[in-house]
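Letter by letter, the chains look like this.
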Amino acid sequence: MTSTSRRRVIAVAALLAAAPVLAACGAGDKANTMQPYAPTDAQVLITDSVYGERGMRVSQAFVLGPDSGGQIPSGGAAPLYLVLTNENPAPDSLVSVTPLPDQATSVKVTAPVQVPPHTLVNTGQPTPQLTVEGLKNALRGGETLRLTLKFQTAGDITMDVPVITRSREYATLPPVPGALPAPSPVASASPAATPGH
């Protein structure tokens, strides 16, 4: 066997060995690892290593914060984004969301969010349907709010939801009304030139 033939055999063997691993990449939550993971900075509802609770899955949850370096002032409001799937056989609806009293006064739900069985529901499309109001502290991004989601059938599900700055993949979302921009840099004063010098 020539060295070229040997290299071809090794390359084919490596490709065949990698095929099962590469095939699992497209398997979604049915991947060979069987371990749930969060592909973004947003939170995923995982309870005791199980994805979801009482048939409700939250594949993405975050509060949109200000642009990088900015802040949402105390007393302000911020949109809450959720991506939900109902794995139960009957339809359900998200009727309310409750924050901790020391973090915010309320969460405005424009209308109950219908969650039909086996359908992905995004509460941020086409516009955010949920808003955390009366923030007790300014938000800059990186904080966590503890929220209780109340479903009509599935009941209460409590989770920690991160505040994510409006940057990177979140930069295309509408800006948060009332958010303050990052402070502009202060220019250093240079001494004025004196005549004759």
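About the cut-offs
Residues numbered from 1 in each chain as written. Predicted model: local features only at pLDDT ≥ 70, side-chain atom pairs only at ≥ 80, totals over all residues. Heavy atoms only, no water. Salt bridge = Lys/Arg side-chain N within 4 Å of Asp/Glu carboxyl O. Buried < 20%, exposed > 50% of the residue type's maximum accessible area, 1.4 Å probe, protein only. Pairing = 2+ DSSP bridges. Helix = DSSP H or I, 4+ residues; strand = E, 2+ residues; numbered from the N terminus. pLDDT = per-residue confidence, 0-100. Contact = heavy atoms within 4.5 Å. Core = buried A, V, L, I, M, F, W, Y, C linked by side-chain atoms within 4.5 Å.

1. Points about the pattern of salt bridges
In total, this model carries five salt bridges according to the counting rule given. Across the salt bridge formed by Arg-54 and Glu-53, the nearest N and O atoms sit 3.1 Å from each other. Residue class for Arg-54 comes out partly exposed when judged on its relative accessible area of 45%. Where Asp-160 meets Arg-146, a salt bridge forms, and the shortest distance between an N and an O atom there is 2.7 Å.

2. Things to note about the pairing of strand S5 (residues 92-99)
Examined bridge by bridge, S5 and strand S7 (residues 113-115) share three bridges and lie antiparallel to one another. Note on S7: the bridge partner recorded for Ser-93 is Gln-114. Here S5 pairs with strand S10 (residues 144-151) via five bridges, running antiparallel. Looking at S10, one finds that Val-97 is bridged to Leu-149.

3. Digging into the pairing of strand S9 (residues 130-133)
Here S9 shows one buried face, formed by Leu-130 and Val-132, and one open face, formed by Thr-131 and Glu-133. Examined bridge by bridge, strand S4 (residues 78-86) and S9 share three bridges and lie antiparallel to one another. Its bridge partner lying in S9, Ala-78 is registered against Val-132. Pairing between strand S6 (residues 106-109) and S9: four bridges, direction antiparallel. From the neighbouring strand, Ser-106 faces S9, where its bridge partner is Glu-133.

4. Some remarks on the confidence of the model for the protein
In low-pLDDT segments, the atomic positions of the prediction should not be examined closely. Mean pLDDT over the protein stands at 82; residues scoring 70 or higher make up 71%. The lowest-confidence element of the protein is helix H1 (residues 3-24), averaging 58 in pLDDT; the highest-confidence one is S9, averaging 98. For residues 27-39, every residue scores under 50 in pLDDT, and the model assigns this stretch ten contacts once sequence neighbours within four places are set aside.

5. Overview of the nonpolar core
Counting residues in each nonpolar core, the largest one holds 38 residues, and the members touching the most others are Leu-80, Leu-82 and Leu-94. Sorting the residues of this core by element identifies strand S3 (56-64), S4, S5, S6, S7, S9, S10 and strand S11 (155-164) as the ones contributing at least two each. It is S3 that provides the largest number of residues to this core, a total of six residues. When sequence neighbours within four positions are dropped, the list of residues in contact with Leu-94 reads Leu-82, Leu-84, Pro-112, Val-113, Val-115, Leu-130, Leu-149, Lys-150 and Phe-151.

6. Describing unusual backbone geometry
In this model, Gln-125 is joined to Pro-126 through a cis peptide bond whose omega is -5°. Assignment of secondary structure puts Pro-126 in the loop between strand S8 (120-122) and S9. A positive phi angle, close to 55°, is found at His-118, a residue other than glycine. Note that His-118 resides in the loop between S7 and S8. A positive phi angle, close to 50°, is found at Arg-168, a residue other than glycine. Take Arg-168: it is sitting in the segment after S11.

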